[in-house]
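# Breakdown of the fold
So you can see what is in the structure, the chains are spelled out below.
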Amino acid sequence: INLLDVTFLDVKTHSNSIKGSIKIGSSLTIGEYILPKFLAHFSNKYPDVDIEVIIENTSLISTELKKMKLDIGLIEGLASSTLFKQEYFLEDEMVLVVPYSSDLKDKELTLDDLQNRRWIAREEGSGTREYLDLFFTQNKIIPKSIMVLGSNLAVKEAVRNNLGLTITSKHVILEAEARNELTSIKLTNDFTRSFSYIYPKELTLSKAANIFLEELKAYTQSNNYIHK
């Protein structure tokens, strides 16, 4: 049924201009810090493509894709199901984030410095939380306490107000760091993750959706996209 619908739409809109609609689910980091710049570029190039973006955490995006309520998911980390096709489009650097006045920013950091500290974390199901938990496990970090907040903005504000440390995407704190509100510290083991797109393997993407993905990969890998 999906193939018939896509074929009908592609035949109906076959012309030199690309038309159609795409429903995208995006994780918070991608939706807040990666997509806006790209959507401005894409919409200018393909004005007849209607785009709807739903921003949720990675777990919820995967759930909605399984229900076929979305065309594409843009997530951080690994897909939650082998039913999805997954392809990476951008590498993301994860950094330790501390208040600008922190005692950690001007010293040579050791893992002992991170023990028994207060930490700020995203909620369960978030791609960012997944990597924070992984960092704790790999380095045997035992937090003094963990405050859980449901958005990147809330996490940034909590760190800025000396409520704890966090690990998050370099994209999230670029502007706050430029304003001397936060300081990022590069993790010694080059802790990185990949942003990727996913969609159900049995789903046939429309022409508009395929072009969206092609443009996304080309744009994020070009000089037009500033990573740092």
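Details of the structure are given in the entry above.
The following refers to the structure shown. (Residues numbered from 1 in each chain as written. Predicted model: local features only at pLDDT ≥ 70, side-chain atom pairs only at ≥ 80, totals over all residues. Heavy atoms only, no water.)

### Some remarks on the packing of aromatic side chains
Rules: Pairing of aromatic side chains here covers Phe, Tyr and the six-membered ring of Trp, requires ring centres within 6.5 Å, and sorts the geometry by plane angle: under 30 degrees stacked, over 60 edge-to-face, intermediate tilted. Helix and strand assignments come from DSSP, with helices taken as H or I runs of at least 4 residues and strands as E runs of at least 2, each series counted from the N terminus. When a residue's accessible area, from a 1.4 Å probe over protein chains only, is under 20% of the maximum for its type it is buried; when over 50% it is exposed; and in between it is partly exposed. Placement of a charge over a ring requires the Lys NZ or Arg CZ to be within 6 Å of the ring centre, with the centre-to-atom vector within 35 degrees of the ring normal.
Within this structure, the stated rule accounts for 10 aromatic pairs. Aromatic pair Phe 38 and Phe 212: ring centres 5.3 Å apart, planes at 80 degrees, arrangement edge-to-face. Taken together, the positions of Phe 38 in helix 3 (residues 35-45) and Phe 212 in helix 8 (residues 207-220) put the pair 174 residues apart, joining distant regions of the chain. Considering the side-chain rings of Phe 89 and Phe 195, the 6.5 Å spacing of their centres and the 40 degrees angle between planes classify their relative orientation as tilted. In this pair, Phe 89 sits in strand 4 (residues 84-99) while Phe 195 sits in strand 9 (residues 192-200), placing the two residues 106 residues apart along the sequence. Of the two residues, Phe 89 and Phe 195, both sit in the buried class. By the ring-pair criterion, three or more aromatic residues cluster together here, those being Phe 38, Phe 42, Tyr 46, Phe 212 and Tyr 219. Note that Lys 105 overlies the ring of Tyr 100, its terminal NZ or CZ placed 3.4 Å from the centroid. Positioned above the aromatic ring of Tyr 131 is the side chain of Arg 193, whose terminal nitrogen or guanidinium carbon lies 5.8 Å from the ring centre.

### Let's talk about the pattern of salt bridges
Test applied: Salt bridge criterion: a side-chain nitrogen from Lys or Arg within 4 Å of a carboxyl oxygen from Asp or Glu.
Scanning the model with the defined rule gives 15 salt bridges in all. For the salt bridge of Arg 193 with Glu 76, the shortest nitrogen-to-oxygen distance reads 3.0 Å. In this pair, Arg 193 is assigned in strand 9 and Glu 76 in strand 3 (residues 72-76), connecting sequence segments 117 residues apart. Residue Glu 76 is classed as buried on the basis of its relative accessible area, which comes to 1%.

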